[in-house]
Amino acid sequence: MSTETKTGTNWVAVITMMFLCGMISFVTNLAAPMGNVWKYQPGIDGSTSLGMMGNMMNFLAYFFMGIPGGKMLGRIGYKKTALVGIAAGFVGIAIQFISGKVPGTATSMITPFCVYLLGAFIGGISVCLLNMVVNPMLNLLGGGGKRGNQLNMTGMTFNSLAGTLTPIFVGVLIGEVTKSTSLAQLNPVMYIAMAVFAAALVILSMIAIKDPEQAVTTEHIPVFAPLRFRHCLLGVVAIFAYMGVEIGIPATLNFWLADPAGPLATSGNADLAKNAAAIGGAVAGTYWFLMLVGRIIGAIIGGKVSSRVLMTVTTATAIVLIVVGTLVTNVMAAMPVFTGKGFMMVEVPLTGLLLALCGLCTSIMWPSTFNLATEKLGKYTAAASGLFMTMVVGGGLFPLLQSYLADTVGYMFSYIVPGVMLAYMFLYSVCFSKPEAGIEEKVK
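Residues numbered from 1 in each chain as written. Predicted model: local features only at pLDDT ≥ 70, side-chain atom pairs only at ≥ 80, totals over all residues. Heavy atoms only, no water.

Colleague: Would you explain the overall build of the protein chain in this entry?
Modeller: The secondary structure content of the protein chain amounts to 17 helices and two strands. When burial is assessed residue by residue, the protein chain has 56% of its 444 residues classed as buried. Put simply, the protein chain shows about 18400 Å² of open surface, and 69% of that area lies on carbon and sulfur atoms. (Helix = DSSP H or I, 4+ residues; strand = E, 2+ residues; numbered from the N terminus. Buried < 20%, exposed > 50% of the residue type's maximum accessible area, 1.4 Å probe, protein only. Areas by Shrake-Rupley, 256 points an atom, 1.4 Å probe, with all protein chains shown as cover.)

Colleague: Any chance you could explain the packing of helix 7 (residues 230-258) against helix 9 (residues 276-301) here in plain terms?
Modeller: If you want to describe how two helices pack, look at the angle between their axes and the distance between the axes. Close contact between helix 7 and helix 9 brings their axes to 6 Å; oriented N to C, the two are set at 155 degrees. Overall, the two elements helix 7 and helix 9 adopt an arrangement that is roughly antiparallel. Crossing hand, helix 7 versus helix 9: right-handed. Facing helix 7, whose interface residues are Tyr242, Val245, Glu246, Ile247, Ile249, Pro250, Leu253, Asn254, Leu257 and Ala258, helix 9 presents Ala276, Ala277, Gly280, Gly281, Val283, Ala284, Tyr287, Trp288 and Met291. Each residue belonging to the contact of helix 7 with helix 9 can be placed in one class, and the counts come to 15 nonpolar, three polar and one charged. (Axes fitted to C-alpha atoms, helices over the stretch in contact; angles between N-to-C directions. Parallel < 35°, antiparallel > 145°, perpendicular 65-115°, else oblique. Left-handed = near helix turned anticlockwise from the far one by under 90°. Contact = heavy atoms within 4.5 Å. Nonpolar A, V, L, I, M, F, W, Y, C, P; charged D, E, K, R; others polar.)

Colleague: Sorry, what's going on with the environment of Val420 here?
Modeller: Inspection of the secondary structure puts Val420 in helix 16 (residues 416-432). Assessed through its relative accessible area of 45%, Val420 is described here as partly exposed. Sequence separation of Val420 and Ile319 is 101 residues, and the distance between their C-alpha atoms is 8.7 Å.

See below:
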């Protein structure tokens, strides 16, 4: 049977790209819930900072691969870059799986932990490369225009769905986090991930896909040239800050709710304590689900509301949610979560609900910041995109700082980190995001 419709759509390739959209989010969102297990292994002994190191290594890969990945794209094309990314994803997950088999001791699991961090870094390389190629390839497979945009939107839906399900799935596998929690409990996740990457590698290698047409230019644009424009320079910093907000809010929330000394384990409710990790994963998953909802809303109103207004309103709202959320930790609220036995209404701290609602706000911040930072950049836009990809490393650095504060001062105080980042982004959108006068002449 042909895999193409009358319009020539290669549905095997499209479906493969959709799964890769999901895997981008899966690999990214796997680090924090896995950190819940590593955090309580011998030698790591409850350190939230070390538990967040897998996430740090994942995002550190962007710093090293952002610009080289763009050059690779130019040399070997989109399909081969995608294949390299898929292969890296398989290797990264395989190494993380092997880390659970590496011998440790009764007092130290540091060696297996270092192997895990290597796998997380290689997984980050995979995600960085796939982020560069998946959307252009979906646009190409859809024939460009509205059809290509529709496939991209569908791909983002798969991305958000995977982001929602990953912490929930891992949380259900873990159940209650204790010092006896075994890394082997995560094996089903590893098997699924390796199978998807292996299948994608085989399928994509057998499909003929032409590279998207690119605008031809003989002019060499230096990598850092866009930073000469103030609104772009400060916008690149805003993306750096945004990644810390996007990742730090749900990851730290997951750690807090799953903590054996956290609000669920010490609530006096045996069911809540037994399913603390599952509930924590579900609440974090709600954040990612609300990001999906926010993206849909953003797509609907994006043509009527400017990026500047969207950024101003959402950053201000997120600041309010964080401030209020950190002050109401003793107030309980009911929200639907998946505990492993199905969806049910569970009493959780109101803090969890308010911080999960931040997902609605963060959902539009990346595209809005990109639009503001590249406004009127013309030929410098592509170089600015490479800098944006490099600054994704903020998703590793700021949550690590937040985890350090959670260890030393407390979980709620640690939310000062995303709070300060959001304040900067608010000021950027209000005061510093407009292109300088006469920029049109400077970009010619």
